[in-house]
Amino acid sequence: MLEWLLDLDNLSLTEEGVRLGFERPIPGWAWLLVALGSVALASWSYRRLAGARPVRLLLAGSRALLLCLLVLLVTGPQLVDREESFEADWVLVLLDRSASLQIEDIAPEQEASGPRVARDTQLRATLERTWDQWAAISEDKTVLWLGFDSGVYDLRLSGDTAPTGVDLDAPIGRQTRIGTALDQALARAAARPLSSVVIVTDGRSADAVSRAAMRRLRSEQIPVHAIALGSAEPVGDIAIRFAESPPVAFVGDLSPVSVTVERVGGGESATGATVRLIDADTGETLDEQRAEFEAADAESDEQRVLLKTSSDVPGDRNWRVEVIPDGADLIETNNARPIEVSLVDRPIRVLYLDGYPRWEQRYLRSLLLREESIDASTLILAPDRRYIQDSNTRIAELPTSPEEWAEYDVIMIGDMRPEVLTAEQMSQLREHVALRGGGLIWTAGPTSIPSLWFDTPLADLLPFTRAGADGSTISGSVLMQPTPVATDLGVLRLGGQNDRSATGWPEELSNAETGWSLLRYAQFIDPVGLKPAAQVLASARPVLGGDDQPLLLLMRYGSGRSLYLGTDETWRWRFGRGEVLFERFWIQLIRMLGRDRLARSGQEAILTATPSRAVVQQPVRVSIELLDQSLIDAAPPSMTVELERLAIGRSDAGLAPVELTLSREAIAVREDQEGTDPASAGVVYSTLWLPADAGDWRATPTSPIVAGLGLEANVEVALPDDELRRPETDHEQLQLLADETGGTVTLASDLESLPELPNRASRRLFERTESLWDTPLALTLVLLLLTFEWVARRVIRLI
């Protein structure tokens, strides 16, 4: 009843700690004055009225009580419950879990000659050494343990199961972002009393601390204490940056493996390394080369090495490229790359067409016929007559359909007039190169090539425009000189298997005094007239002096490649070493072009992603080409491809696959292609993909027509600032952050005790109130006193 009269909702009279209070309290002496004033005023008001004295005293007392009650209600009486709470301050501990912590750059404490220690091992040892101190801090403060790489995530306390007290996963984050990690960590501690931030890292970061985070750290006086991991002295690293080889090669083919070896970082590291090609199944070393770098203080240096090997056994080969630095190496995990090659045991099918007998034609024909790895058909063609020469495989006539052209891997055209081929045959040959990966070799001559071919459909396969080569020659004799492009492709290595020079080019061929090395006929090719896709494999160096001019050109055209040789004098090399140099020169070029065709033969469809190595936001072309006629007949308007990133770290988990829609490319049919069936040229679907995240991506088609063919393509997407491209620490940035926030930087190797953390704990007072002046009880008391006085006045007839 009393709680109803007092209209209590939130408080109860029986609760412990509930007491009476006032919204507008007055001191005790003021209450004495109120009481005396009320009595005086009430007595004065009834002093001269008629009536018995006791009754008047009773009425005066009632009025005095009413006046006191009104003053009491004016002061705002209320029930009050006060609670005091204590909130401990927070400490944010950020532990670096990026891949850079795998780097072993810390000298051992006991043995100077022992193996180096990884940064992650140092982090764990530091936590174990200071765990008792962290446990003591946790008694008074709330310690939030967070791991971070490109962002932060919670770390689970392990209790007594681990010496460090924290469950730490392997450091495999792709990127370190200290700025992002601080932003996310401070957001988790928003509206909390924050004592300090302790960050344990090597300091290397892809971003800087944001202005918002720095403003909060300064305004709230939150110090950032850094425990620096890793060596304070920079240590360099030698790594394999790229390793590439043809996916398919011929048995007995000298397969080139191009390796880019990179030396990054400063300080102590080897200035040289041995690069080896190893058979992963047997452990046999197939080839090795040296890579020499600049001075040790150079920040970055790259060297390209060409490894080569051959095998007489067909089948799939699992090779491995390894780099063995001369001295201590910082990161051993980037010293090896796998290589997969399929070897096919069949001869390269070559069709050699020329216009008339000449020395180059005779020796080249003989080479093609006696080489066991080549199945050649050689013909001399002229507008008025045709001579069918000796061939491994005789043919009655030239190919007249796409299927007949498809029987050849490489087509060679000597100094032949274009009239011997119809426009339709030329168009079919062009499409054979573009869509089926066929190779085309042009051999220059004084009568027809290239001057008479610019107005034909095959002009697209010449690596220069009409302005680039008009048939004029270089004055005097020239020497052929290979370019770095040839070295990267593994061709023009005429020195043989035992030649360990960078180019593999015999010195005699660069020496004019040998005589037989001179090429007495070479066409002038203006570099300005080269097409954008043309590459110079060898240049002509005039003996009489002057600038080098392009002599041997390679151009990618669709799926195949076109090769142009601006001389027909390579037969002269036979005077120096017999058939050896001449044979190596031509067979290496033929096999290089034949590999493109070999990679496409026997396949129903091809899925490609180029480039296979890209950086974030670099366009990657994803395409599907249908080669089987049954697939071409059922070709849909579009196809879909799913790109899935292979999960490695926590930041990769849960990443949704990317689905791409590939549109069917239009087939341009020129006037010279009329009558050609577009379907016979194949169907291509393509689109551009801009990768938003780094990692190893696998592309697989999801369209039903090709989903069961087992097609896939891999793309390696890297960040512009890759985590392991800069292996050295960055303690200077940690020092700047600590100085800006009033914190400290301590090397993990020198850490004996944790830095002093300020006390930011807070006490808060929570008060709950229930007013009493507006309750039914207050109204009842006022009405009772007023009613009593009115009734009493009626009784004594004062009203």
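Remember, predicted model here, so these are calculated numbers, not experimental data.

**Student:** Lay out the overall build of the protein with the relevant residues and their values.
**Tutor:** Secondary structure assignment for the protein yields 16 helices and 36 strands. Taken against the 2.2 N^0.38 rule, which gives 28 Å for 799 residues, the C-alpha radius of gyration of the protein at 45 Å runs more than 25% over that of a compact globule. Overall, the C-alpha framework of the protein stretches about 160 × 70 × 50 Å when taken along its three principal axes. Sorting the 799 residues of the protein into buried and exposed places 50% on the buried side. By element, 52% of the accessible surface of the protein is carried by carbon and sulfur atoms, the whole surface being about 37,300 Å². Computing the positive centroid from 77 side-chain charges and the negative centroid from 119, the protein places the two 7 Å apart.

**Student:** Summarise the nonpolar core; cite the residues concerned and give the values.
**Tutor:** Among the nonpolar cores identified, the biggest contains 45 residues, and Met 412, Trp 573 and Phe 585 are the most heavily contacted of them. Looking at which element gives the most residues to this core, the answer is helix 12 (residues 579-600), with 10 residues. The contacts of Phe 585, once residues within four sequence positions are left out, are Met 480, Leu 492, Leu 494, Leu 552, Leu 565, Thr 570 and Trp 573.

**Student:** Pulling in residues and values, what's your account of the packing of aromatic side chains?
**Tutor:** A full pass over the atoms with the stated rule returns 14 aromatic pairs. Look at Trp 442 and Trp 453: their rings are 5.4 Å apart centre to centre, the planes differ by 75°, and that puts the pair in the edge-to-face class. Pair noted here: Trp 442 is in strand 22 (residues 439-443) and Trp 453 is in the loop between strand 22 and strand 23 (478-482), with a separation of 11 residues, a long-range link. Across the pair, exposure class does not vary: Trp 442 and Trp 453 are buried alike. Each ring, one from Phe 585 and one from Trp 586, has its centre 5.4 Å from the other, and the planes form 90°; the classification is edge-to-face. For the pair Phe 585 and Trp 586, one class covers both residues: buried. An aromatic cluster is built from Trp 359, Tyr 363, Trp 571 and Phe 575, whose rings are joined through pairwise contacts. Positioned above the aromatic ring of Tyr 356 is the side chain of Arg 358, whose terminal nitrogen or guanidinium carbon lies 5.5 Å from the ring centre. The ring of Tyr 363 carries Arg 574 above its face, with NZ or CZ at 3.7 Å from the centroid.

**Student:** Explain the side chain of Arg 204 residue by residue, including any values.
**Tutor:** Locating Arg 204 in the fold gives a position in the loop between strand 8 (194-201) and helix 6 (211-219). A residue is classified by how much of its surface remains accessible, and Arg 204, at 16% relative accessible area, is buried.

**Student:** So what's going on with the sheet that holds strand 34 (residues 713-718)? Which residues, and what values?
**Tutor:** In spatial order, the strands read 27-29-32-31-30-33-34-28; together these eight strands make up an open sheet with mixed pairing. Either end of the sheet is taken by a strand with one partner, and the two such strands are strand 27 (605-610) and strand 28 (613-615). Mean inter-strand twist for the sheet, computed between neighbouring axes without regard to direction, equals 25°. Pairing analysis gives six bridges linking strand 27 to strand 29 (residues 620-626), with the strands arranged antiparallel. What sits directly across from Ala 605, in strand 29, is Leu 626.

**Student:** Could you give an account of the sheet that holds strand 13 (residues 272-279), with specific residues and numbers?
**Tutor:** Strand order in this open sheet of five strands is 11-17-16-13-14, and the pairing throughout is mixed. Each edge of the sheet is formed by a strand with only one pairing partner; in this case those strands are strand 11 (248-250) and strand 14 (285-292). Pairwise comparison of adjacent strand axes, ignoring direction, gives a mean angle of 30° for this sheet. Taken together, the seven bridges between strand 13 and strand 14 define a ladder with antiparallel strand orientation. When the sheet's bridge partners are listed, Arg 276 is paired in strand 14 with Glu 288. Its contacts with the sheet place helix 12 against strand 11 and strand 17 (336-344), and it is angled at close to 120° to strand 11.

**Student:** Got a sec to walk through the side chain of Arg 430? Specific residues and values, please.
**Tutor:** Topologically, Arg 430 is positioned in helix 9 (residues 423-436). Classification of Arg 430 as buried rests on a relative accessible area of 2%. Of the polar contacts made by the side chain of Arg 430, one reaches the side chain of Glu 431; its length is 3.3 Å.

**Student:** An account of the pattern of salt bridges is requested, with residue identities and associated values reported.
**Tutor:** One pass over the full model with this rule turns up 34 salt bridges. Arg 430 is the partner of Glu 431 in a salt bridge, and the nearest nitrogen-oxygen pair spans 3.3 Å. Here the two residues Glu 431 and Arg 430 agree in accessibility, since each one is buried. Connected through salt bridges with shared partners, the residues Arg 97, Asp 120, Arg 124 and Asp 169 form a single ionic network.

**Student:** Explain the packing of helix 3 (residues 53-74) against helix 16 (residues 776-795) to me, using residue names and the numbers behind them.
**Tutor:** Closest axis-to-axis distance for the helix 3/helix 16 pair is 10 Å, and the angle between their directions is 160°. It follows from the interaxial angle that helix 3 and helix 16 lie roughly antiparallel. Judged by the twist between their axes, the crossing of helix 3 over helix 16 is left-handed. Residues Leu 58, Leu 59, Ser 62, Arg 63, Leu 65, Leu 66, Leu 69 and Leu 73 of helix 3 touch helix 16, and the partners they reach there are Ala 778, Leu 781, Val 782, Leu 785, Leu 786, Phe 788, Glu 789, Ala 792 and Arg 793.

**Student:** Requested: an account of helix 9, with residues and values cited.
**Tutor:** Its 14 residues place the ends of helix 9 19 Å apart at the C-alpha level, agreeing with the 20 Å of an ideal helix rising 1.5 Å per residue. When you tally the buried positions in helix 9, you get 12 out of 14 residues, the bulk of the element. Taken together, the buried positions of helix 9 are occupied by Gln 425, Met 426, Ser 427, Gln 428, Leu 429, Arg 430, Glu 431, His 432, Val 433, Ala 434, Leu 435 and Arg 436. Positioned one or two residues after helix 9, Gly 437 has a phi angle of 75°, which is positive.

**Student:** Got a sec to walk through the environment of Leu 146? Specific residues and values, please.
**Tutor:** With respect to the helices and strands, the residue Leu 146 is situated in strand 6 (residues 142-148). Overall, Leu 146 belongs to the buried group, its relative accessible area being 0%. Linking Leu 146 and Val 323, residues 177 residues apart in sequence, is a C-alpha distance of 37 Å. In this structure Leu 146 touches Val 93, Leu 94, Leu 95, Tyr 153, Asp 154, Leu 155, Ala 185 and Arg 188, once residues within four positions along its chain are discounted.

**Student:** So, the pairing of strand 32 (residues 683-689): which residues are in play, and what are the values?
**Tutor:** Consecutive side chains along a regular strand alternate between the two faces of the sheet. Burial within strand 32 is extensive, with five of its seven residues counted as buried. Here seven bridges tie strand 29 to strand 32, and the two strands are oriented antiparallel to one another. Paired with Ile 624 across the two strands is Tyr 685, which belongs to strand 32. Both strand 31 (residues 658-664) and strand 32 contribute to a ladder of two bridges, which runs antiparallel. Looking at the pairing, Ser 663 lines up with Ser 686 of strand 32.

**Student:** Explain the confidence of the model for the protein to me, and be specific about the residues and the numbers.
**Tutor:** Looking at the protein as a whole, the pLDDT averages 84, with 90% of positions reaching at least 70. Ranking the elements of the protein by mean pLDDT puts strand 20 (residues 386-388) last with 55 and strand 21 (residues 410-413) first with 96. Per-residue pLDDT stays below 50 along residues 668-681; that stretch engages in 18 contacts with residues further than four places along the chain or on separate chains.

**Student:** How would you summarise helix 4 (residues 119-140) if you had to cite specific residues and measurements?
**Tutor:** Between its first and last C-alpha atoms helix 4 spans 30 Å; for 22 residues at 1.5 Å apiece the expected length is 32 Å, and the two agree. At Thr 130, helix 4 shows its strongest bend, of approximately 60°. Looking only at helix 4, the buried set comprises Arg 119, Asp 120, Gln 122, Leu 123, Thr 126, Leu 127, Thr 130, Trp 131, Trp 134 and Ile 137. Against the buried residues of helix 4 lie strand 3 (90-96), strand 4 (104-106), strand 5 (117-118), strand 6, strand 8 and strand 9 (224-228).

**Student:** Now, about the environment of Thr 378: what can you tell me, with residues and values included?
**Tutor:** Residue position: Thr 378 is located in strand 19 (residues 374-381). Judged by relative accessible area, Thr 378 falls into the buried class, the value being 2%. Between the C-alpha atom of Thr 378 and that of Ile 395, which follows or precedes it by 17 residues, the distance is 9.1 Å.

**Student:** How would you summarise the environment of Met 214 if you had to cite specific residues and measurements?
**Tutor:** Along the chain, Met 214 falls in helix 6. Along the sequence, Met 214 and Leu 737 sit 523 residues apart, while their C-alpha atoms lie 8.9 Å from each other. Apart from residues lying up to four places away in sequence, Met 214 is in contact with Val 209, Leu 737, Glu 740 and Thr 741.

The rules we used
- Residues numbered from 1 in each chain as written.
- Predicted model: local features only at pLDDT ≥ 70, side-chain atom pairs only at ≥ 80, totals over all residues.
- Heavy atoms only, no water.
- Helix = DSSP H or I, 4+ residues; strand = E, 2+ residues; numbered from the N terminus.
- Rg over C-alpha atoms; globule rule 2.2 N^0.38 Å.
- Buried < 20%, exposed > 50% of the residue type's maximum accessible area, 1.4 Å probe, protein only.
- Areas by Shrake-Rupley, 256 points an atom, 1.4 Å probe, with all protein chains shown as cover.
- Lys, Arg positive; Asp, Glu negative; His and termini not counted.
- Charge placed at Lys NZ, Arg CZ, Asp CG, Glu CD.
- Core = buried A, V, L, I, M, F, W, Y, C linked by side-chain atoms within 4.5 Å.
- Contact = heavy atoms within 4.5 Å.
- Phe/Tyr/Trp six-rings, centres within 6.5 Å; stacked < 30°, edge-to-face > 60°.
- Lys NZ or Arg CZ within 6 Å of the ring centre and 35° of its normal.
- Pairing = 2+ DSSP bridges.
- Axes fitted to C-alpha atoms, helices over the stretch in contact; angles between N-to-C directions.
- Polar contact = N/O pair within 3.5 Å; in protein donor to acceptor, adjacent residues only side chain to side chain.
- Salt bridge = Lys/Arg side-chain N within 4 Å of Asp/Glu carboxyl O.
- Parallel < 35°, antiparallel > 145°, perpendicular 65-115°, else oblique.
- Left-handed = near helix turned anticlockwise from the far one by under 90°.
- Expected span 1.5 Å × (residues − 1).
- pLDDT = per-residue confidence, 0-100.
- Bend = angle between axes of the 7 residues up to and from the residue.

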